[in-house]
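Close look at the chain arrangement
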Amino acid sequence: MRGFRALPVCATVLVAAGLVLTLRGQTAGDWRLQILEHVGLPAIDEGMIADESHTPSSPETLRRAALLEALLQDRAGASGGHYRPGRVIVKFRDEAAMPDRRAAVRAASDTGEIAVRPSYADFDIVRIDPAEDAEEAASMLRQRPEVQYAQAAYRVHALFVPNDPVYAQQWNLPMINMEKAWDIQPQAGSAITVAVIDTGMAYENATITPTLQSFRSRNGTVYPALGPVVIPYSAAPQLVSATGSSRIVAPYDFVNERATPLDFDGHGTHVSGTIGQLTNDGIGTAGVAFNVKLMPVKVLASEWDLLFAGFTNISNVGGSDDDVARGLRYAADNGAKVINMSLGSSGPANCATNPNQNDCSPVIEAALRYAVGKGCFITIAGGNEFEDNVPPFGVNPTSVLAEIASRIPGVVSVAAVDRGKNHAYYSSTGSYIELSAPGGSERGFGSAGFVRQQTFDSNLTDTFLLSPSEFHAPRFDVFGNIGYIGTSMAAPHVAGVAAMLMQQGVTDPAAIEDLLEKTAIDLGAAGRDDTFGFGLVDARNALRGLGLAK
Amino acid sequence: MKTAIPALLVAVALAAPAAAQRPPQRPPVRAPVPPVPPAPPISFRPFVVGTEESFAAIDTFDAGFGHTYGPFFGGGLQVLFRDRFYLELGASRFKQTGQRAFLSGGRPFRVGIPLTATITPLEVTGGYRFRLRRLPRVRPYVGAGFGSYGYRETSEFSDAGENVDTRHSGTVLNGGAEFRLHRWVGLGADVQYTHVPGILGLGGVSQQAGENDLGGVAVRVKLVVGR
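Here goes a summary of the coordinates provided.

A separate point is the interface of chain B and chain A. Residue-level contacts link 35 residues of chain B with 20 residues of chain A. Between chain B and chain A, a total of about 2,200 Å² is buried, with carbon and sulfur atoms accounting for 52% of that surface. Per-residue buried area on chain B facing chain A is highest for Arg100, Phe102 and Phe157 of chain B; these three make up 25% of the total on that side. If you look at where chain B meets chain A, you find 5 salt bridges. With its nearest N and O atoms 2.5 Å apart, the salt bridge here joins Asp159 of chain B to Lys180 of chain A. Put simply, chain B and chain A have 17 residue pairs in polar contact (both at pLDDT 80 or more) between them. Of all the secondary-structure elements, those providing two or more residues to the side of chain B that touches chain A are helix H2 (58–65), strand S3 (85–104), strand S4 (107–129), strand S5 (138–155) and helix H3 (204–209) of chain B. It is S4 of chain B that provides the largest number of residues to the side of chain B that touches chain A, a total of 7 residues. Class assignment for the residues of the side of chain B that touches chain A results in 16 nonpolar, 12 polar and 7 charged.

As structure tokens, this is what we get:
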């Protein structure tokens, strides 16, 4: 027993010594984040955590949003949509020769240059001066005959509202009839890979060594520099078994362009848990398709991604439409059969008829069609802005990606219901809503209305919400079963059921969407409606298919 | 039962050469032609029947079983009146196991869950048997009638009330010919059309396909015992 304890202690000392030597070698201007993979102690699982307090309008939520906005340095477009400055996403027509393409770019922007095409892209990035209006440049490019589409790199964001964790049943899984679905398919999707396009995933142990600079929040509060720090990072024990990470397939981080898409937010890990939380192990929570293989594809930047990058590199931190498009293509090319996108953005309602306008995302639409063509079924969160006024689109604006989903067979937009199968107060409505799934809500149910999965204890990760005097380095090795609400939580339920359908041999994405819609439990007005779509997904009904006469 | 039809065909094939065999040639002897015995006013003739039916609900059966036809086996009793009119009572059974399925874009997709469908027709038909002067051993016939069609559908992982067990009426039309193999044995072959509404089309794949007829067109072979 003494020897057993001595081993991790010695390992920790050696790692710490190595890190000290490494970090001392860094210069003041070297802000690169180092990730030592597979180096770290096991995670701490705190089980249910009830001492966190976040609501949609809580001070914590507002401060988190303000910090992100302050760090991102995004520009607001004419319509209010936020985009990454200094770049325009352009799809040139195939027949356009390179000199013509360059001429088109020069006509749109004096500083415009076609960058080296990134991996997993069928489009180009045109670099422009960050001070230039990217929407204006995109608009001018769209006038050119050489250009198929051009758009600013609109920022996408996770569609969730974190909330209090509770000690309660996982009402969401029985609601979609999972117990009987597991009777039908105990293997729960073991042959299927589900890509989670999100903030990353807590899928491996690591030690990360950023150098934290001083930063200023949006309200002007200055936080002190912490300098080089050593941050422990662990795989979520309810996501990756202690025997290793064999269920993890082809991870990639398009935010930071590296092969380690570690989640520094918790959203992607929570969403992954709904899809594939380890189940029947006597601890924690359950997931829908608990044996699937998981492909973490990081396209959303969190506060820590920006703080770890340091301000000299912050413009290189991704999280916009082009990263989502590349992530989709990457997932499709690397064996994913189901893709979950718990993310979105608001925009005009007529992107279908006029995709070449600001705040539409033709680059993502093209990538979605590509992925479906490769046999991927895709779920997209329906949007959380039902009560929000988003100028100039007004209250309950169209969720751009969900609207695209409604036009592509094999891509489904998912609205959220609460514990009582009612419309969740935040869930966007519109003609583009196709299905519903549990997204949770505290209204009328309190903390019992949340969707709970294992993810980071945000008391220990979101230290930027503390006062400057209390600010300290985060740690990403403490987990709990945390309650979230949002259409972000609804979409992965459908993704999990789709993975189980794939496991049963139904591999056509359009057919899967068709079956999910036909076997859904109709809610609200009879037939399809703008609130619930075709209704609440029913895993058991879908897996059973139809009889001949009944 | 699957061997009944081939056995029957073999019997028919053997019967013809046997009939063609003749003893060594002898001088013709003029014997008095025995009078044809008058047909009894009523006779009872049991029969067994094998059927291959092409179902009208093409998309429904294709989705569940991967093909649109299937065999029925059964039997019954035929009552002849003065050798010309008949009334026939028959019962048969179809049973096949496929998979639960669904249609999308007009294409069938099976979900891997076993489904067993059983059809049990009880049919009553009446008709008329023609006489052919040049072919006295062949008796063409046409008939019509009605039936009661049982349909049972069971699947794995079904809850109470999710399986189907129902019976509905339908109509029958048939026509064919009976070939007398022996004084007491006849072989009939006919084509039968059945129309059975009320079972399919109310749910499941058949509703998706817009198909509501459990019937179809069948080729039947009957072995009849009796004069």
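Let's shift gears to the nonpolar core. All names here are of chain A. Core analysis: the biggest nonpolar cluster contains 107 residues, and Met178, Ile208 and Leu516 have the highest contact counts within it. Looking at this core element by element, the count peaks at 11 residues for helix H13 (residues 487–503). If you look at the next biggest cluster of nonpolar residues, it comprises 41 residues, including Met295, Ala336, Leu343 and Val363.

This brings us to the state of the cysteines. All names here are of chain A. Under the definition given, this model contains 1 disulfide over all chains. Each disulfide pairs two cysteine sulfurs, and for Cys351 the partner residue is Cys360, the sulfurs being separated by 1.9 Å. Judged by the sign of its S-S torsion, about -90°, the bond between Cys351 and Cys360 is left-handed. Since its relative accessible area comes to 3%, Cys351 is described here as buried. On the basis of relative accessibility, which here comes to 1%, the residue Cys360 falls in the buried class.

Residues and elements named next belong to chain A. For the pair helix H9 (residues 321–333) and helix H10 (residues 362–373), the least separation of the axes is 8 Å and the interaxial angle reads 5°. Classified by the angle their axes make, H9 and H10 are roughly parallel. Between H9 and H10, the contacting residues are Asp321, Val324, Ala325, Leu328, Arg329, Ala332 and Asp333 on the first element and Val363, Ile364, Ala366, Ala367, Leu368, Tyr370 and Ala371 on the second. Among the residues making up the contact of H9 with H10, the classes are represented as 11 nonpolar, no polar and 3 charged.

Before going further, it helps to examine the sheet that holds S3 of chain B. Residues and elements named next belong to chain B. If you walk around this closed barrel you meet the 8 strands as S1-S2-S3-S4-S5-S6-S7-S8, and the pairing is antiparallel. Here the strands of the sheet are splayed against their neighbours by 25° on average, with no regard to which way each runs. Across 11 bridges, the pairing between strand S6 (residues 164–182) and strand S7 (residues 185–195) is antiparallel. Within S7, the position partnered with Ala177 by the bridge is Ala189. Here H2 sits on the sheet in contact with strand S1 (42–55), S3 and S4, set at roughly 60° to S3.

Calculation criteria
Residues take numbers from 1 onward in each chain, read along the sequence in its written order. A letter from A marks each chain and a number from 1 marks each ligand, given out in the order of writing. Since the coordinates come from a predicted model, pLDDT governs what is reported: local features require at least 70, and pairs of side-chain atoms require 80 or more to be given and counted, while whole-chain, interface and lining totals use all residues. Working from all heavy atoms in the structure, the side-chain values ignore hydrogens and water. Contact between two residues is taken to exist if any of their heavy atoms lie within 4.5 Å; hydrogens are not considered. Defined here as a combined quantity, buried area equals the accessible surface (1.4 Å probe) lost by two parts on assembly, summed across both. The term salt bridge refers to a pairing of a side-chain nitrogen on Lys or Arg with a carboxyl oxygen on Asp or Glu at a separation within 4 Å. Here a polar contact means two N or O atoms within 3.5 Å. Within protein one must be a hydrogen donor candidate and the other an acceptor candidate, and residues neighboring in sequence count only if both atoms are side-chain atoms. The way it works is that DSSP assigns letters per residue, a run of H or I at least four long becomes a helix, a run of E at least two long becomes a strand, and they are numbered from the N terminus. Gly is placed with the polar residues, together with every amino acid not listed as nonpolar (Ala, Val, Leu, Ile, Met, Phe, Trp, Tyr, Cys and Pro) or charged (Asp, Glu, Lys and Arg). Throughout, nonpolar core names a set of buried Ala, Val, Leu, Ile, Met, Phe, Trp, Tyr and Cys residues whose side chains join them through atoms within 4.5 Å. With a 1.4 Å probe rolled over the protein chains alone, any residue whose accessible area is under 20% of its type maximum counts as buried; one over 50% counts as exposed, and the rest are partly exposed. Cysteine sulfur atoms that pair up within 2.5 Å are treated as a disulfide. Interaxial angle, 0 to 180 degrees, is taken between N-to-C directions of lines fitted to C-alpha atoms, where a helix line uses only the stretch in contact. Each angle is binned into one of four classes, with values under 35 degrees roughly parallel, values over 145 roughly antiparallel, values of 65 to 115 roughly perpendicular, and all other values oblique. Any two strands are treated as partners once DSSP identifies two or more bridges connecting them.

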